[in-house]
Amino acid sequence: MNLVAAQIVNGLAIGMLYAVMALGLSIIKGLLNVPNFAHGALFAVGAYVCYTLSTIGAPFAVALIGAFSGAALLGFLIERFGIANLTGGSYLLQVLFLFGTALVIEQILVLIYGTTGVSLVPPAMLGGAMDLGFMFLPRYLVFCALVGAFSIVAVWLLIEKTRIGSSIRAGIERREMVQCLGIDIGTLLTLGFALGAGMAGLAGGIALPLLGANATSGNDMMAIAFVVLVLGGLGSLYGAVAAGILIGVAQSLTTLVAPSASTLLIYVIMTVVLLIGPKGLFGER
Amino acid sequence: MTPSGFSRRSVLQALAASGCVAPGFAWAQAAAGDLNIALLSQNSGNFATHGEVVFKGATIALEERGHTILGRKINLLRRDDEGKPAIGVRRLTELVETSQVKFFIGNASSAVGLAESEIAAREKIVQYAGGGSDEFTGARCNPYTFQWSASPYTASSTTLEYVRKAHPNAKRVYTLTVDYAFGHSLLKYTREAAPELGFELAGNDMHPLGERQYTQYFNKALAVKPDVILLLTAGSDFLAAVRQLSSYGLKKVIVAAPWAAELDELKELTPQMRAGLILGLNYHSSINTPVNKAFVAAAAKRYQMLPTYAMAYAYDTFRTIFLAMEKAKSVDSTAVARVMEGMQLDSVHGPTSIDARTHQTNRPYYVCLCKQPDAQKNDQDIADLVFQGDKPQPAALNQCSRT
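Scoring rules and cut-offs
- Residues numbered from 1 in each chain as written.
- Chains lettered and ligands numbered in written order.
- Predicted model: local features only at pLDDT ≥ 70, side-chain atom pairs only at ≥ 80, totals over all residues.
- UniProt positions renumbered as here; feature names shortened; annotations may be inferred.
- Helix = DSSP H or I, 4+ residues; strand = E, 2+ residues; numbered from the N terminus.
- Rg over C-alpha atoms; globule rule 2.2 N^0.38 Å.
- Buried ≥ 20, exposed ≤ 12 C-beta atoms within 10 Å, placed from the backbone.
- Contact = placed C-beta atoms within 7 Å.
- Nonpolar A, V, L, I, M, F, W, Y, C, P; charged D, E, K, R; others polar.
- Pairing = 2+ DSSP bridges.
- Domains from an automatic or database assignment.
- pLDDT = per-residue confidence, 0-100.
- Axes fitted to C-alpha atoms, helices over the stretch in contact; angles between N-to-C directions.
- Parallel < 35°, antiparallel > 145°, perpendicular 65-115°, else oblique.
- Left-handed = near helix turned anticlockwise from the far one by under 90°.
- Expected span 1.5 Å × (residues − 1).

As annotated in an unreviewed UniProt entry, chain B carries the name Leucine-binding protein domain-containing protein and is attributed to Vineibacter terrae. According to the UniProt record, the Sequence similarities (unreviewed entry) comment for chain B reads "Belongs to the leucine-binding protein family."

Per an unreviewed UniProt entry, chain A goes by the name Branched-chain amino acid ABC transporter permease and belongs to Vineibacter terrae. UniProt lists a comment for chain A under the heading Sequence similarities (unreviewed entry), and it reads "Belongs to the binding-protein-dependent transport system permease family. LivHM subfamily."

Draft legend 1. Local environment of the overall build of chain B. When helices and strands are tallied, chain B shows 13 helices and 16 strands. Taken over C-alpha atoms, the radius of gyration comes to 23 Å for chain B, in line with the 22 Å a tight globule of 403 residues would show. With respect to the three principal axes, the spread of C-alpha positions in chain B is 80 × 45 × 40 Å. The proportion of buried residues among the 403 residues of chain B is 51%. Taking as baseline every contact in chain B between residues at least 6 positions apart, the subset at least 24 positions apart corresponds to 69%.

Draft legend 2. Expanded view of the interface of chain A and chain B. Taken together, the 33 residues of chain A in the interface contact 30 residues of chain B. Where the side of chain A that touches chain B is concerned, the elements lending two or more residues are α1 (2-32), β2 (136-138), α5 (139-161), α8 (185-211), α10 (237-257) and α11 (262-276) of chain A. A per-element tally of the side of chain A that touches chain B places α1(A) first, with 5 residues. Across the side of chain A that touches chain B, the residue classes break down as 16 nonpolar, 16 polar and 1 charged.

Draft legend 3. Representation of the pairing of strand β9 (residues 228-232) of chain B within the structure. Residue and element names in this part refer to chain B. Counting buried positions along β9 yields 5 of 5 residues, so the element is predominantly enclosed. A two-sided burial pattern is seen for β9, the buried positions comprising V228, L230 and L232 on one face and I229 and L231 on the other. As judged from the 5 bridges shared by strand β7 (residues 172-178) and β9, these two strands associate in the parallel manner. Within β9, the residue paired with Y174 across the bridge is I229.

Draft legend 4. Up close: the UniProt feature "transmembrane region" (unreviewed entry) in chain A. All names here are of chain A. The UniProt entry lists residues 6-25, 37-54, 60-78, 90-113, 140-159, 180-211, 223-249 and 256-277 under the feature "transmembrane region" (unreviewed entry), expressed in the numbering used here. In residues 37-54, the share of helix is 89% and the share of strand is 0%. The end C-alpha atoms are 28 Å apart. Annotated as 77% helix and 0% strand, the span residues 256-277 places its first and last C-alpha atoms 28 Å apart.

Draft legend 5. Looking closely at the environment of L3(A). Here L3(A) is to be found in helix α1. Sequence spacing of L3(A) and M135(A) is 132 residues, and the spatial spacing of their C-alpha atoms is 7.5 Å.

Draft legend 6. Fine view of the domain arrangement of chain B. Residues and elements named next belong to chain B. In terms of domain boundaries, chain B breaks down into domain 1 (33-150 + 288-362) and domain 2 (152-281 + 364-397). Taking only C-alpha atoms, the centre of domain 1 and the centre of domain 2 are 28 Å apart. Classifying every residue of the side of domain 1 that touches domain 2 by side-chain character gives 3 nonpolar, 6 polar and 1 charged.

Draft legend 7. Up close: unusual backbone geometry. Residue and element names in this part refer to chain B. If you check the backbone angles, Q100 has positive phi at about 55° while not being a glycine. Position of Q100 relative to the elements: it lies in the loop between α4 (85-99) and β4 (103-105). The partly exposed category is assigned to Q100, around which 16 C-beta atoms lie within 10 Å. We note that K329 has phi near 55°; this positive angle belongs to a residue other than glycine. With respect to the element layout, K329 can be found in the loop between α12 (309-328) and α13 (333-340). Overall, the presence of 10 C-beta atoms within 10 Å leaves K329 in the exposed class.

Draft legend 8. Broad picture of the confidence of the model for chain B. Residues and elements named next belong to chain B. Taken residue by residue, chain B gives an average pLDDT of 89. The fraction at 70 or more is 91%. This stretch, residues 1-6, has a pLDDT under 50; its non-local contacts, to residues over four places away or in other chains, come to 3 contacts. Note that pLDDT drops below 50 for residues 15-31; the model gives that stretch 19 contacts with residues more than four away or on any other chain. Both scores are available for the predicted complex, with the pTM at 0.83 and the ipTM at 0.84.

Draft legend 9. Region of interest: the packing of helix α2 (residues 39-55) of chain A against helix α3 (residues 60-86) of chain A. All names here are of chain A. Two numbers describe how α2 lies on α3: the axes approach to 8 Å, and their chain directions differ by 140°. By the criterion of interaxial angle, the relationship of α2 to α3 is oblique. The handedness of the crossing between α2 and α3 comes out as right-handed. Residues L42, V45, G46, V49, C50, L53 and S54 of α2 form the contact with α3, whose participating residues are F60, V62, A63, L64, G66, A67, F68, G70, A71, L74 and G75. Considered class by class, the residues forming the contact of α2 with α3 number 13 nonpolar, 5 polar and no charged.

Draft legend 10. Broad picture of helix α5 (residues 110-123) of chain B. Residue and element names in this part refer to chain B. With 14 residues, α5 should cover 20 Å at 1.5 Å per step; its first-to-last C-alpha distance of 20 Å lies within 8% of that length. Within the span of α5, buried status applies to S110, V112, G113, L114, A115, E116, S117, I119 and A120. Each element contacted by the buried residues of α5 is listed here: β1 (35-41), α4, β5 (126-129), β6 (145-147) and α7 (181-196).

Draft legend 11. Representation of the sheet that holds β1(B) within the structure. All names here are of chain B. Overall, mixed pairing links the 6 strands, which are arranged β2-β3-β1-β4-β5-β6 in an open sheet. The sheet is open, and its two edges are formed by β2 (68-69) and β6, each paired on a single side. Sheet topology places β1 next to β4; 2 bridges connect them, and they run parallel. Across the sheet, residue A38 finds its bridge partner in β4, namely F104.

Draft legend 12. Geometry of the sheet that holds β9(B). Residues and elements named next belong to chain B. Across the sheet, which stays open at both edges, the 7 strands sit in the order β8-β7-β9-β10-β11-β15-β16 with mixed pairing between neighbours. Strands at the two margins of the open sheet, each flanked by one partner only, are β8 (200-207) and β16 (383-389). On average, adjacent strands in this sheet sit at an angle of 20° to one another, irrespective of strand direction.

Draft legend 13. Focus on α1(A). Its 31 residues give α1(A) an end-to-end C-alpha distance of 45 Å, which sits within 8% of 45 Å, the value for a rise of 1.5 Å per residue. For α1(A), a buried count of 25 out of 31 residues is recorded, marking the element as mostly surrounded by other parts of the structure.

Draft legend 14. The pairing of β8(B), seen in detail. Bridge count between β7(B) and β8(B): 7 bridges; the pairing is parallel. Residue pairing for β8(B): R172(B) is matched across the bridge by E200(B).

Draft legend 15. Structural detail: the packing of helix α6 (residues 163-173) of chain A against α8(A). All names here are of chain A. In the contact formed by α6 and α8, the axes pass within 10 Å of each other and the chain directions differ by 95°. With respect to α8, the element α6 is oriented roughly perpendicular. Along the contact surface, α6 presents I164, S167, I168 and G171, while α8 presents I185, L188, L191 and G192.

Draft legend 16. Local environment of the environment of S69(A). Relative to the helices and strands, S69(A) is located in helix α3. Take S69(A): there are 16 C-beta atoms within 10 Å of it, and that puts it in the partly exposed class.

Written out as structure tokens, the structure reads:
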């Protein structure tokens, strides 16, 4: 029983990381109606920005803000000078553009940092594990969960309680209507893409001490983020959060009974949910 | 210019530009008495550096004998297998058909090497493999494939021998194993070797290849209070596992890995993450033998670097093949393969032999202890060589059907 509790706690922490990644993907999918195939590359950019700032002596908190900001800035540029110019074209063009952008970012990271990956030790106060009696819980995992929760709440406040947030929500629901109301939809889309990209970068920064970073390290996380996105429901921002936590806990619990199947399980869950309810757990469309 | 717009010269230029002339040129060289040997490795993608390092080792072996053997000029042909079995097989087939290649070494990947071994057996080409699978010298052994890397049995037993020596009171071992042939081999041999050394296997988890999240496995492992966590996994999986294990800040649990990564790969980890890690290795530049000292000096002079596993593999395998050619007084692959069976030589490992039936190179396996951060003199100073062992795989555990 203790082990089950330990795995649930572990899964909640990991799930929060998945949720941060997937929330960014969900914002972009909702606003632009295009799957962001560069999300994994933006995750890697966030990880490398966090690494670079930490190695030059910046506090870890500053490095995480840098991870968000760096990826958000890159997302801003991708949308403004790429996606925005393809909006009138076919959906396939946007997908191909994002796919190509991901490859370009990966190769630039290789040119700058080489093919050998990097690691980062978290600050001393986040090192080691807490003895909960029934398990040792690494402090850094607790930190991951708290930062994940904090960033999700911050995005929730931004989207639910601010004017720009209401515009983003409206943009996701009724894009044409937002345009008719005189809101600059172009700027809205760019800001939304930057926000989503920033979330990917933040996830990369948070994950750095656990997963390390290399140019392609975001691809694994992107695959999970897509599963979470589909499971939570396309267009449902908070469905992504719930699904991220669900996947994290399910993956962790599977280790108790069928460890080899822990990766397989998340794809099985997605397939089953899609077969039973194609809208996902919380999707409205 | 002909009426159709093509001239003989333009066709030849086009052929030369497309590389179609190269195989014909190589054939002409071979026919004239040159010896074409091949190096198939990864030269593109994220692991392109691996191919470069293997090439450096091969170059030192060729330069050592002035690019000649038995009065023939040696031509080293390089091909990129992209780390993919199908590509490796295709490139090797092309080399055999167009350049009469009869000797090759290749990728450190067992999957690529085993696929190529089928061609080696069929076309009677000597292959000196560097992968970790025990199938090269076991179930898929053949008269032309030889194995340079140590047997996974030797790797497991040597690593556990060191753990026993360094930690006499350690008892309970928990294993985390990657769920494919390589991990299964290591687990099988760990289960053989551990009880003989007085260890009790407290549990095992199989993890899927490419797993990135390991804390759930370590929660399970730590629940049974092991003295040793033995990581039977490799490459980026191993590095991710070590990163996450280090986040627990464990002081009393010994972490060991019989066959997980080469020292170069450990540079991905911070010194704090790898401190105290016990790591089994196929090669270490500080091996104190005459052949290795000369090789290290040559590498330092030629490339200003300490040799790594990949470089040593290429150097030592080609060097052994050349020694066998001299002994056979022939470059015929069958004659050379027969000489290599049971051959005794001084290699980078010191006195070395090749098993006549399985073709396993009987050589030592090495154990390193990663240094504490404040003990490192520089970025290269990652670990000390602390132990070596050479216990061969017991005959009863070998599945090679050759007699």
